[in-house]
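Spelled out, the chains give:
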Amino acid sequence: MSSEPPSETNPVQFSAGYVRYAVGMLSVVYVFNFADRQILSILMQPIKQEMQLSDTELGLLSGLAFAAFYAVLGLPIARLADKYSRVKILTVCLALWSLMTVVSGLAANFAQLLAARIGMGVGEAGGGPTSHSLISDYVPVERRATALGIFALGVPIGLLFGYLLGGWLEQLYGWRSAFLALGVPGLLLAVVLRFTLREPPRGHSQGGVKIQAEPPPIKAVVLYMWRIPTFWHMAVGGSLQAFGTYAIFQWMPSFLARTHHMQSGEIGSWLALIIGGGGAIGSLAGGYFADHLSRRDMRWQMWLPAISMLLAAPISLGIYLTDDRAIALGFLVLPVTLVNSYLGPTFAITQTLAPLRMRAMASAVLIFALTFIGLGLGPQAVGILSDLLRPAYGEQSLRYAMMVSGLIYLWSAYHFWRAARTLREDLARAAE
């Protein structure tokens, strides 16, 4: 893979239609990124029964085994994306994680499934940071939160497809078919991406500003970003949000199966509607309102997530305090919508605070925190706590473990509020 040519200094024009296509294509890739990652959640109960696994082992498969490699390898891959062709890097990553999704469907035991999840984490590590950097060079700063909010639709739409497809395929044909149904189209999408997406020059959306020839080393970027108070609090707030939300994403199908005795197809349909639909509304609304309100005061970029987390914490308790499944599903709607509102503003502020040659790396630093704490520790902690509570509560142990995890949104709200206090000063320094 060769370094990018000096053509970054040449004028390049992208039509408005092509920019929409580019953002749309990257969003579709992110849908596959999240669907491949999260489809395990709807399949955990049948996998548990077939392979005789504990909740702690399921937590390892759904959380830490994937998240550790995803988070750690995201940093060096992002540095490559700050130096070489981002489109080529994203193509290789998409092909690898899609292949590992196929391998997951062929796994015969826990060790093989664990290895496939690790391989998937390696591939997906380059998806988010590389895409964020590309979008930031396609879209100017005044529309960036909206664009990244659209990109972030990959989370709820990926969940929608994962739940719906996984639930019904598992019920009709078994859990292995669900992995194959997502992995094979991802390999085809990698070919389309490689031959239709053009690499934008660095700083294109800012008028082609001059940038240094080489990106700084990983350690320098980590230290630079971590010394920005807004970024630090935003990363902690987002990580705590992810802790509670990934616990819901991964364990909600098992909770509905154990507590409310629902079948996988029914679970997949309801969660596709609620988590997929509600999450999409939250992601779009969060990006739109953050851009709109920040015209009056930039601190709304962080106030909006803070308010959303503050409201989500007490409402989420209703999911687990009722024995009526309709009421439980009803209580799920609002928290899912609220907590997804942080995605567009958080990634947009990160890209604005970071220098041009640090953008992919800055995104990777944020994703490292979100993934390691959220995806790595959230499902794992719930699985461990569920096993610890099992002697006292039996099959209902998962209910109480998930209830505890939802309260962490209050802690998340505090850090987003703290990020708002330093946002204007840090943005002014970044502009200099």
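Residues numbered from 1 in each chain as written. Predicted model: local features only at pLDDT ≥ 70, side-chain atom pairs only at ≥ 80, totals over all residues. Heavy atoms only, no water.

Section: the packing of aromatic side chains
- Inspection of the entire model under this criterion finds 18 aromatic pairs.
- With a centroid separation of 5.4 Å and 75° between ring planes, the pair formed by phenylalanine 255 and tyrosine 320 is classed as edge-to-face. Here the residue phenylalanine 255 occupies a position in helix H10 (residues 229-260), and tyrosine 320 occupies one in helix H12 (residues 300-321), the gap between them amounting to 65 residues. As far as the burial class goes, phenylalanine 255 and tyrosine 320 line up, both buried.
- Both rings, one in tyrosine 393 and one in tyrosine 400, keep their centres 4.6 Å apart while their planes meet at 40°; by these two values the pair is tilted.
- By relative accessible area, tyrosine 400 is classed as partly exposed at 32%.
- One aromatic cluster is present, formed by Tyr30, Phe34, Phe151, Tyr246 and Phe249 through successive ring pairs.
- Note that arginine 198 overlies the ring of tyrosine 18, its terminal NZ or CZ placed 5.5 Å from the centroid. (Phe/Tyr/Trp six-rings, centres within 6.5 Å; stacked < 30°, edge-to-face > 60°. Helix = DSSP H or I, 4+ residues; strand = E, 2+ residues; numbered from the N terminus. Buried < 20%, exposed > 50% of the residue type's maximum accessible area, 1.4 Å probe, protein only. Lys NZ or Arg CZ within 6 Å of the ring centre and 35° of its normal.)

Observations regarding the packing of helix H1 (residues 16-51) against helix H3 (residues 86-106)
- At a minimum axis distance of 10 Å, the contact between H1 and H3 shows a crossing angle of 30°. Taken as axis vectors, H1 and H3 run roughly parallel relative to one another. For the crossing formed where H1 meets H3, the hand is left-handed. Between H1, through Leu26, Val29, Phe32, Asn33 and Asp36, and H3, the contact on the second element is made entirely by Leu90, Leu94, Trp97, Ser98 and Thr101.
- Classifying every residue of the contact of H1 with H3 by side-chain character gives 6 nonpolar, 3 polar and 1 charged. (Axes fitted to C-alpha atoms, helices over the stretch in contact; angles between N-to-C directions. Parallel < 35°, antiparallel > 145°, perpendicular 65-115°, else oblique. Left-handed = near helix turned anticlockwise from the far one by under 90°. Contact = heavy atoms within 4.5 Å. Nonpolar A, V, L, I, M, F, W, Y, C, P; charged D, E, K, R; others polar.)

What to know about the environment of glycine 406
- Along the chain, the position of glycine 406 falls in helix H16 (residues 397-406).
- Note: C-alpha distance between glycine 406 and phenylalanine 243 (163 residues apart in sequence) is 8.7 Å.
- If we ignore the near neighbours within four places in the chain, the residues touching glycine 406 are Ala313 and Ser316.

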